[in-house]
Amino acid sequence: MIIVWGTKVKHTLSGALALDCPACGERAIGDEYIVSSASHIYYIPGTYKEEGRYVRCRLCSMKVDVPSGANAASDVPIEMLVPDETVLLATNPKLADIRPEEPDPIRLQAALFTAVLSCKDRQEKEGNAGGFSGVLLLFVAIPAVIYLFVLTGNYPVLYVSIALGIIGVILFNNWYLHRAIAKEMKPYIQRTMKRCGLSIDALIENADKMGKGFRPVSKHLTRCREHYT
Ligand SMILES: [Zn+2]
């Protein structure tokens, strides 16, 4: 008998707070998440224990440390991006004495693009796309290839269909990955475009200008352009 066990991790939204985001430099609202984990046997978890907290900036989407002295509140309006006086005093009163930095569109975009890269990384690691492709390969592509070969007994048909099957799975994998990134990053990308007064084309151009490391970002934005406009 195989015993399936391991650790389950969950991220629970606990509220929102004002912060001077160290990633994009903006005075913004961040959503606070509690990370907790539990051991599981056969995917049935035991008691969850808090492991830590992080804040996700509503503008650039980067995950940053909870500012010291800050307390997340559950009644911060969902559409608020920049804290007003009341939210500031209620969630992070220290900021009242600190002048916010001058907004820097380039820094905001750089932080956003970095967040897109780490989203892509995580999606690839979590392997959701790979998992689906594996299932597709197993239950659709391989039987189709075998069926075609049995039907025709023709080796060129076999090779061509194997190649097409592999290409199909790769294309599906890519499509799924980009769709997952677009789904998660859409609100942040749209907010940055609005805040910096940029069209999707200008954003793509800027990602390209920021160097080779951000090439996957401009490729993704180009590919999913219609999701963001
Ligand atoms: Zn930020």
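Per chain, residue numbering runs from 1 following the sequence as it is written. Local features are withheld for residues below a pLDDT of 70 in this predicted model, meaning they are given only at 70 or higher, and side-chain atom pairs are given and counted only at 80 or more; totals for whole chains, interfaces and linings count all residues.

## Side note on the packing of helix α5 (residues 200-209) against helix α6 (residues 215-223)
Helices that pack against each other are described as a pair by the angle of their axes relative to one another and the distance between those axes. Short version of the rule: Structural elements are reduced to axes, namely lines fitted to C-alpha atoms, with helices fitted over the stretch in contact, and the angle between N-to-C directions of any two is expressed from 0 to 180 degrees. By definition, any uninterrupted DSSP run of H or I lasting at least four residues is a helix, any uninterrupted run of E lasting at least two residues is a strand, and each is numbered from the N terminus. If an angle is under 35 degrees, it is roughly parallel; if it is over 145, roughly antiparallel; if it lies from 65 to 115, roughly perpendicular; otherwise it is oblique. The handedness criterion is simple: a crossing whose near helix is rotated anticlockwise from the far helix by less than a right angle is left-handed, and one whose near helix is rotated clockwise is right-handed. Two residues qualify as a contact pair if the distance between their C-beta atoms, derived from the backbone, is within 7 Å.
The interhelical angle for the contact between α5 and α6, taken along N-to-C directions, is 160°, at an axis separation of 8 Å. For the element pair α5 / α6, the angle class is roughly antiparallel. As α5 packs across α6, the resulting crossing turns out to be left-handed. Contacts between α5 and α6 involve Ile200, Leu203, Ile204, Ala207 and Asp208 from the first element and Val217, Ser218, Leu221 and Thr222 from the second.

## A few points about the environment of Leu151
Quick note on the threshold: Remark: C-beta atoms are placed from the backbone, and a residue is labelled buried if 20 or more other C-beta atoms sit within 10 Å of its own, exposed if 12 or fewer do, or partly exposed between those counts.
Looking at the element boundaries, Leu151 is found in helix α3 (residues 128-152). For Leu151, a count of 9 C-beta atoms within 10 Å puts it in the exposed group. As for Leu151 and Leu136, which are separated by 15 residues in sequence, their C-alpha atoms are 21 Å apart.

## Some points on the pairing of strand β4 (residues 49-57)
In the case of a regular strand, side chains alternate between the two sheet surfaces. Put simply, the rule reads: Following DSSP output, two strands are said to pair if at least two bridges run between them.
Taken together, the 8 bridges between strand β2 (residues 27-41) and β4 define a ladder with antiparallel strand orientation. What sits directly across from Gly30, in β4, is Cys57. Pairing analysis gives 2 bridges linking β4 to strand β5 (residues 63-64), with the strands arranged antiparallel. Bridge assignment links Arg56 to a residue of β5, and that residue is Lys63.

## A look at unusual backbone geometry
Its identity as a non-glycine residue notwithstanding, Tyr43 has a phi of 65°, on the positive side. Within the secondary structure layout, Tyr43 lies in the loop between β2 and β3 (44-45). In this structure, Ser61 is a non-glycine residue whose phi angle is positive, near 80°. Position of Ser61 among the secondary structure elements: in the loop between β4 and β5.

## A short note on the packing of helix α2 (residues 105-126) against helix α4 (residues 155-196)
For the record, the criterion: Residue classes follow a fixed rule: Ala, Val, Leu, Ile, Met, Phe, Trp, Tyr, Cys and Pro count as nonpolar, while Asp, Glu, Lys and Arg count as charged, and any other residue, Gly among them, counts as polar.
Contact geometry of α2 with α4 gives a least axis separation of 10 Å together with a crossing angle of 170°. Taken as axis vectors, α2 and α4 run roughly antiparallel relative to one another. Between α2, through Pro105, Leu108, Gln109, Leu112, Ala115, Val116, Cys119, Lys120, Gln123 and Glu124, and α4, the contact on the second element is made entirely by Leu177, Ala180, Ile181, Glu184, Met185, Tyr188, Ile189, Thr192, Arg195 and Cys196. Classifying every residue of the contact of α2 with α4 by side-chain character gives 13 nonpolar, 3 polar and 4 charged.

## Considering the environment of Met62
Residue position: Met62 is located in the loop between β4 and β5. Its 20 C-beta neighbours within 10 Å are what place Met62 among the buried residues. Distance from Met62 to Glu126, taken between C-alpha atoms, is 18 Å for residues 64 residues apart in sequence. Excluding residues within four positions of it along the chain, Met62 makes contact with Cys21, Ala23, Cys24, Cys57, Ala111, Thr114 and Ala115.

## Comments concerning the environment of Leu19
Checked against the element boundaries, Leu19 lands in strand β1 (residues 5-20). Taking the C-alpha atoms as reference, Leu19 lies 9.0 Å from Val55; in sequence the two are 36 residues apart. Apart from residues lying up to four places away in sequence, Leu19 is in contact with Ala28, Gly30, Val55, Pro67, Ala70 and Asn92.

## A closer look at the domain arrangement of the chain
Stated formally: In this document the domain limits rely on a domain assignment from an automatic tool or a database.
Split by domain assignment, the chain resolves into domain 1 (5-101) and domain 2 (108-228). The C-alpha-based centres of domain 1 and domain 2 are spaced at 29 Å. The residue makeup of the side of domain 1 that touches domain 2, split by class, is 6 nonpolar, 1 polar and 1 charged.

## Some thoughts on the nonpolar core
Cut-off, in case you're wondering: Note on terminology: a nonpolar core is a set of buried residues of type Ala, Val, Leu, Ile, Met, Phe, Trp, Tyr or Cys, with members joined through C-beta atoms within 7 Å.
Residues Cys21, Cys24, Cys57, Cys60 and Leu112 are the most contacted members of the largest nonpolar core, which totals 34 residues. Residue assignment for this core shows that the elements contributing at least two residues are β1, β2, β4, α2, α4, α5 and α6. Top element by residues in this core is α2. It accounts for 7 residues. Residue-level mapping places this core at the junction of two domains, with at least three residues from each of domain 1 (5-101) and domain 2 (108-228). Among residues more than four places away in sequence, those in contact with Leu112 are Cys60, Ser61, Tyr188, Ile189 and Thr192.

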